[in-house]
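Residues per chain are reported as follows:
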Amino acid sequence: MTFKRNRTGWRYFLIAMPFMIYVVAFYFVPLFGWIYSFYNYNPALSFSQLPYVGLDNFLKIYNEWSEIYRVLKNTLAMSFLSILVTPLPLIAAIMLNEVKHGKYKRFIQTVTTLPNFISWIVVFALTFAVFSNEGLYYTLLRNLHLDVPVIGIMGNNGATWFFQLGLSVWKSIGWTMIIYIAAIAGIDNEQYEAARIDGAGKFGLMRHITIPGLAPTFFVLLLLQISNLLNNGFDQYFVFYNSLVADKIEVLDFYIYKVGWLISDYSYATVLGMVKSLLGIALLFAVNYLSKKTKGESIL
C-alpha cells in the first residue's frame, strides 16, 4: 500500500516537474541579473570588466523623479480604474446564471470568453479598423452628417485611461466570469430550495444566497488585484502607444522596456525592475496580512 502511494506521489511530482522548471528558469534565475544594477553594464564587456558604480543607478530614480512620478501616476490610475470595475464580471456571471436557455447561455459565454484568447496585436488591428479616423465608427458618423473630431479616440489624450480600461474589460470579463460561474455551481442548491419555500424571488435569491456565496471568491480576486497594482501589463500599452497619448499610456512596465531597450540603459532598467518587484512583494504581503485580519484566512 505504501509502495503504491509513493509511486502515485512520484507520478504527480513528474507531472509537475515541467512547470517547476519553467518557474525556476523564468522567475528565479533572472534574479541573478539584479547584480548588474550595481555596475555600468555594457554588452561588449565581460562581467569582470564592468565598472562598479555602487548605488549611482539607484540615485537616478531621485534625479529623474518627474518621469518616475508621471509613469507611476499612469500605472496606478489604470490599476485603480481596473479595481473600480472589479464587480462587473461578478454581476455578469450572476445575470448569465439566470439565463435558462442552454444554447443561448453557452453562446453568450463563448462570445464573452473568446476575446481573452485574442492577442493584443489583433485587438489593436480590430480597434484601428473601427476607431481610427478613417475607420468604421467615424465613417458612419460622416455618412450621418454628424460632427467628427479631428483627432479620434485612439489619439485622444484625455480619454486614454478610460479607452484602455474599456478594451481591458472587454478582453477579460468573460474569462473572469468563468471563475464566478464555477463558484456559483459550488453553492448548495438546498439553500435555494429553502429560500424559495420561504417565498424568496429571484432578486431575493441573488441578494441572500448567490452574492454571499460569491463574496469569498470576489474578495480573494480583489486582494490579488490590489497586490498587482504595479503589474498592469505591457502588451496592451505597447501596441496602442503613439505620440499623441504617450504621456498617458506609458506605464511602469513600458517605461522599463523603453529605458532598457530603446535608451540602452540596462543597469537603470534593472534597478527599476528590481524596485518594482520588491514593491510588488511588499504589496502582496500587505494584502495577505489584510486578508488574515479581515477573513482570518491567508491567500498565500
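Refer to the preceding data block for the structure.
**Concerning the overall build of the protein chain**
Okay, step 1: When helices and strands are tallied, the protein chain shows 14 helices and zero strands.
Okay, step 2: Each helix (α) and strand (β) of the protein chain, taken in turn from the N terminus, gives the series α-α-α-α-α-α-α-α-α-α-α-α-α-α.
Okay, step 3: Taking 300 residues into account, the globule formula puts the C-alpha radius of gyration at 19 Å, and the protein chain, at 24 Å, lies well above it.
Okay, step 4: Its C-alpha atoms give the protein chain principal-axis dimensions of roughly 80 × 80 × 35 Å.
Okay, step 5: Sorting the 300 residues of the protein chain into buried and exposed places 32% on the buried side.
Okay, step 6: If you sum the accessible surface of the protein chain, you get close to 19,000 Å²; carbon and sulfur atoms cover 68% of it.
Okay, step 7: With 22 positive and 16 negative side-chain charges, the protein chain shows a spacing of 11 Å between the two charge centroids.

**Regarding helix α6 (residues 120-131)**
Okay, step 1: Taking 1.5 Å of rise per residue, the twelve residues of α6 would be expected to cover 16 Å, and the 15 Å separating its terminal C-alpha atoms lies within 8% of that figure.
Okay, step 2: Among all positions of α6, only Trp120, Val123 and Thr127 are buried. Take α6 and look down its axis: the buried residues cluster within an arc of 50°, on one side only.

**Here's the deal with the pattern of salt bridges**
Okay, step 1: Counted by the stated rule, this structure contains six salt bridges.
Okay, step 2: For Glu250, the salt bridge is made with Arg70, and the minimal N-O distance between the two is 3.3 Å. Of the two residues, Glu250 is situated in the loop between α12 (246-249) and α13 (252-262) and Arg70 in helix α3 (residues 65-84); the sequence distance between them amounts to 180 residues.
Okay, step 3: Lys258 serves as the salt-bridge partner of Glu250, at 3.0 Å between the closest nitrogen and oxygen. For the pair shown, Glu250 and Lys258 are each scored as buried.
Okay, step 4: Each of the salt bridges in this network shares a partner with another, and the network as a whole consists of Glu67, Arg70, Glu250 and Lys258.

**Concerning the packing of aromatic side chains**
Pairs of aromatic rings are described using the distance from one ring centre to the other and the angle between the two planes.
Okay, step 1: As enumerated under the stated definition, the model contains 25 aromatic pairs in all.
Okay, step 2: Ring geometry for Tyr39 against Phe47: centres 5.0 Å apart, planes inclined by 55°, an arrangement best described as tilted.
Okay, step 3: Classification of Tyr39 as buried rests on a relative accessible area of 16%.
Okay, step 4: An aromatic cluster is defined as three or more aromatic residues linked by ring pairs; in this entry it consists of Trp120, Phe124, Phe128, Phe131, Tyr137, Tyr138, Phe163 and Phe240.
Okay, step 5: We note Lys171 situated over the ring of Trp120; from NZ or CZ to the ring centre the distance is 5.2 Å.

**Some thoughts on the environment of Glu67**
Okay, step 1: Structurally, Glu67 is set in helix α3.
Okay, step 2: For Glu67, a relative accessible area of 30% puts it in the partly exposed group.
Okay, step 3: Between the alpha carbons of Glu67 and Tyr255 there is a distance of 9.3 Å; along the sequence they are 188 residues apart.
Okay, step 4: Those residues in contact with Glu67 that lie beyond four places of it in its chain are Tyr255 and Lys258.

Parameters and conventions
- Per chain, the residues get numbers from 1 upward, laid out in the order the sequence is written.
- With pLDDT at 70 or above as the cut-off, local features in this predicted model cover only qualifying residues; side-chain atom pairs require 80 or more to be listed or tallied, and sums for whole chains, interfaces and linings still use all residues.
- The basis for every side-chain value is the complete set of heavy atoms in the structure, and neither hydrogens nor water enter the calculation.
- Each helix corresponds to a stretch of at least 4 residues labelled H or I by DSSP, and each strand to a stretch of at least 2 residues labelled E; elements are numbered beginning at the N terminus.
- Only the C-alpha atoms count toward the radius of gyration. The rule for a globule is 2.2 Å times the residue count to the power 0.38.
- Burial classes: relative accessible area under 20% of the type maximum marks a residue as buried, over 50% as exposed, and values in between as partly exposed (1.4 Å probe, protein chains only).
- Residue burial considers only the protein chains on display, and all accessible areas are found by Shrake-Rupley using a 1.4 Å probe.
- In this tally, Lys and Arg are treated as positive and Asp and Glu as negative; His is ignored, and so are the chain termini.
- Think of each charge as sitting on NZ of Lys, CZ of Arg, CG of Asp or CD of Glu.
- Each helix should span, by expectation, one fewer than its residue count multiplied by 1.5 Å.
- It is the directions from the helix axis to the C-beta atoms whose arc is reported.
- Note on definitions: salt bridges are taken to be side-chain nitrogens of Lys or Arg within 4 Å of carboxyl oxygens of Asp or Glu.
- Stacked, tilted and edge-to-face are the three classes assigned to paired rings of Phe, Tyr and Trp, where Trp is represented by its six-membered ring and a pair needs centres within 6.5 Å; plane angles under 30 degrees give stacked, over 60 edge-to-face, the rest tilted.
- Criterion for a charge above a ring: Lys NZ or Arg CZ within 6 Å of the ring centre, and within 35 degrees of the ring normal.
- Here, two residues are considered to be in contact whenever any of their heavy atoms come within 4.5 Å of each other.

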